[in-house]
Each structure stands twice: as C-alpha cells, then as structure tokens.
Amino acid sequence: MTGASRQECEPVTTSGTIAITNLHGQIDGLAVRLSRADTGETSAAPLTVAQGASLIDLLNLRGHILGRVADYERAAELAERLVHVAPEDGTALLARARTRATLHRFAEAVADLGAAGRSGADEAALDAERAVVLQVLGCYADAMALIRTAAERQSDFTTLAALAVLQAERREVTEAERLFGEARRHYQGTSPFPLAQLDFRRGVMWYREGELDAARWCYEAARRRVPDYAPALGHLAEVELLRGAPQAAVALLRPLTWASDDPEYASHLAAALHACDRFQEANQWRERAAAGYDELVLRHPEAYADHAADFWLTVGADAERGIQLALQNLAFRQTARAHALFQRAVLAQNRIAQTAP
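Residues numbered from 1 in each chain as written. Predicted model: local features only at pLDDT ≥ 70, side-chain atom pairs only at ≥ 80, totals over all residues. Heavy atoms only, no water.

J.: Please set out the pattern of salt bridges residue by residue, giving values where relevant.
T.: The tally for this structure, following the rule as stated, stands at 30 salt bridges. The residue Arg98 makes a salt bridge to Asp57 at a minimum N-O spacing of 3.3 Å. Taken together, the residues Arg98 in helix α4 (residues 90-102) and Asp57 in helix α2 (residues 49-66) connect sequence positions 41 residues apart. Using a relative accessible area of 24% as the deciding quantity, one classes Arg98 as partly exposed. (Salt bridge = Lys/Arg side-chain N within 4 Å of Asp/Glu carboxyl O. Helix = DSSP H or I, 4+ residues; strand = E, 2+ residues; numbered from the N terminus. Buried < 20%, exposed > 50% of the residue type's maximum accessible area, 1.4 Å probe, protein only.)

J.: Lay out the packing of aromatic side chains with the relevant residues and their values.
T.: Each pair of aromatic rings is reported with the distance of its centres and the angle of its planes. This structure, assessed with the given rule, holds five aromatic pairs. Between the aromatic rings of Phe200 and Tyr229, the centroid separation amounts to 5.8 Å while the plane-to-plane angle is 65°, which identifies the pairing as edge-to-face. With Phe200 in helix α10 (residues 193-208) and Tyr229 in the loop between α11 (212-225) and α12 (230-242), this pair connects stretches of sequence that are 29 residues apart. The same class applies to Phe200 and to Tyr229, which are both buried. With centroids separated by 5.4 Å and ring planes inclined at 35°, the aromatic side chains of Tyr293 and Phe311 adopt a geometry described as tilted. (Phe/Tyr/Trp six-rings, centres within 6.5 Å; stacked < 30°, edge-to-face > 60°.)

J.: Could you give an account of empty space enclosed by the protein, with specific residues and numbers?
T.: Under the criterion given, the structure shown has one cavity of 30 Å³ or more. Around the largest cavity sit Val165, Ala168, Glu169, Arg201, Val204, Met205 and Arg208, which together line it. Contributing elements (two or more residues each) for the lining of the largest cavity: α8 (157-169) and α10. Broken down by element, the lining of the largest cavity gets its largest block of residues, four residues, from α10. Grouping the amino acids of the lining of the largest cavity by side-chain chemistry returns four nonpolar, no polar and three charged. (1 Å grid on protein atoms, 1.4 Å probe; cavity = no way out; pocket = protein on both sides within 12 Å on 5 of 7 lines; lining within 4 Å. Points joined across faces, edges and corners; volume = space filled by probe spheres on them. Nonpolar A, V, L, I, M, F, W, Y, C, P; charged D, E, K, R; others polar.)

J.: Any chance you could break down the nonpolar core for me, citing the residues and the numbers?
T.: Formed by 111 residues in total, the largest nonpolar core has its most connected members in Leu55, Phe180 and Tyr229. Leaving out residues up to four positions away in the same chain, Phe180 has contacts with Ala164, Val165, Ala168, Leu198, Arg201, Arg202 and Met205. (Core = buried A, V, L, I, M, F, W, Y, C linked by side-chain atoms within 4.5 Å. Contact = heavy atoms within 4.5 Å.)

J.: Pulling in residues and values, what's your account of the environment of Asp28?
T.: Structurally, the position occupied by Asp28 is in helix α1 (residues 16-38). For Asp28, a relative accessible area of 44% translates into the label partly exposed. Taking the C-alpha atoms as reference, Asp28 lies 9.2 Å from Leu55; in sequence the two are 27 residues apart.

J.: Give a description of helix α14 (residues 263-275) that names residues and reports values.
T.: For α14, built from 13 residues, the straight-helix expectation of 18 Å at 1.5 Å per residue is met to within 8% by its first-to-last C-alpha distance of 19 Å. Across the 13 residues that make up α14, a large majority, 10, are buried. Turning to α14, its buried residues are Pro263, Glu264, Tyr265, Ala266, Ser267, His268, Leu269, Ala270, Ala272 and Leu273. As for α14, its buried residues are in contact with α12, α13 (246-259), α15 (279-299) and α16 (301-313). (Expected span 1.5 Å × (residues − 1).)

J.: Can you break down the packing of α8 against helix α9 (residues 173-186) residue by residue, with the values?
T.: Running from amino to carboxyl end, α8 crosses α9 at an angle of 160°, the nearest separation of the two axes being 8 Å. Classed by the angle they form, the pair α8 and α9 counts as roughly antiparallel. The handedness of the crossing between α8 and α9 comes out as left-handed. On α9, the residues that touch Phe157, Leu160, Ala161, Leu163, Ala164, Val165, Gln167 and Ala168 of α8 are Glu175, Ala176, Leu179, Phe180, Glu182, Ala183, Arg184 and His186. For the contact of α8 with α9, the per-class residue count stands at 11 nonpolar, two polar and three charged. (Axes fitted to C-alpha atoms, helices over the stretch in contact; angles between N-to-C directions. Parallel < 35°, antiparallel > 145°, perpendicular 65-115°, else oblique. Left-handed = near helix turned anticlockwise from the far one by under 90°.)

Okay, structure coming up:
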C-alpha cells in the first residue's frame, strides 16, 4: 500500500459518534410507534410497509456497526411479521430476504428475492442482493456478472464498492485497490457508515494478504470515521496481537465485550489476555465465548458454525468440536474458505492423535 494511496481525497461526512446517536434515535422512534400500534393505542398509526422495512434495515445496520446479534434477531422477527401482514409486497419480501441473508439462510433469501421480483420490486435492488448471496457462496463469476450489469447502468459508489469487495474476495488485489479508491472518489453522501465499511473491507483484503501494516492503516481509517465500529476494532485488535502488542489488543477488545453480544470479541479478548500471561482472566473470557457460541450455533447454525469452529480450533482448544462444526459449515456452503476451515480442523485433530500416548 503506497504512501500515495493514503493521500486520497477524504469526503466530509457526519461525525461517526453523532451518526450512531442518530441511528439509535431513528430506531427508537420507529420502535416506539410500532409498540404503540401493537398495544392498540387508538392515536398510534401503524407503521407502513416502507417504514417497517426501514426499521428492519436500520436494525441490521446497527447490528453490523456495533456487533449486536440481538439487532439481527430483532430485524428477522420484524421481517417475518411484515411479510405476514403484506405477503405479496415486494418491499416486505426484500426486507426479509436481507435479514435471511444476514443470518446466512441463503436458500430462503433467494426464494424471497424471487417472490419480491414477481411482486414488482426494483430489479436493480434485487440483483444487488443476489450478488451478495452469490459472492458469499463463492459463485464469483455470477456475482461479477450482476454487479457489472449494475455498473453499466450506473457507475456509482455502491456498484464500485461492490466490485472492489468482490475483487478483494477473488484475491485480485491490484484491481480491488483501484476500485476501492475509485469508489471513495464517487461517494456523495454524508453518512460515515458506507466509507467506514469500505475501509474495513479494504483492511480485510490486506490482512488476508499478510500485509499487516496496510490492514492496520485501513482499520484505523474506519475507526477514525466511526470510533465505535466493532468489526474494525476487533480486527485491529487481531493485528495488534500478531504484531506482538497484546496489551493494545486488550485495550481495544474490552469495551467491545461490554457493548457487543457477539462471542467473537470475548474469544479474541481471551487470546489477548493469555498472551499477557493473565491466564485466569483469559479462561473466564474463554468460557464466556464458548457459552455464547454454543447458543448461537443452536439458533443460527448457518451463520455461526464457521466462527464457532474457528474458536474451538484456537482459543477453545477442542479439535473434536472444531471438526464437527467445520463439517457442519461445509454442508451449508461448498466454498474455498469452508474447505480450508475443514482442512485446518482435520490437521488439528491429526496433530492431537499423533501426540496422544
């Protein structure tokens, strides 16, 4: 990552702290209206389908930014209600498709997208969601075709960012880096969230390439844009741990474990504390992470089997459970990453077998 690439024109956006406060306010305002309508207050008008879909999307956004699984689950619950009330409304079906995709229920999400299309939903919006699903499933050529078609219609921040992330997934780093910069130059909004997400995904790309300095810079850029952005903070802590700075990792992770219900941060904190020789405290966080993953795998196996497998293969130190979950994840999606996780689990189990008395 060259010095020149770090001097990109920085779009001016709303303060990340203010944006999160506004996000809370938008969610609370719509949720209060929904609650009043549910309790039968005569003065409370029910939410329209569009307002219900907006509340669902806002909950999914907050779930991602702050690492709140409860927000994802609330969004999924509301989406089911919305489709029950308006079963042939394309907006409702599209909102439910997004929540199902977020929880990796991809077959159901695709079915909803098809139904939304038959109900007259915007085809460009549907193709964008289809591309996301195809990308996660490793169908890169099909996803690329959909995104390129969208880019031909209108080359804007959204399509350029989607292309950048897809090229990063394909390990086409040079092209991805070009697209990340081009997407940034096309940004015309005031919300800091899309740019923070762009920097985060750019950091993930460099992290996978083993370029820790570049990854750290990108995660820090996302953090500057949105100080409480949980995924960026969590990944930044991973980089600090790899760079031999476990105390810095602990400082980043501890606030996340208070604000987020995702056990990933408890798992990383356990690893960081162990590296600081604080073994008793590390074990407490390990147990908390284990309990969290056990619950999430029961509720949302498609979304959390891979994360749980990685936990048991590392901090959890249980290769048998790791291989079971890796195999379960492989049954959900036959991607290169799923196969790599399973191979890791097999190797871990073989190492244990070889050292057994």
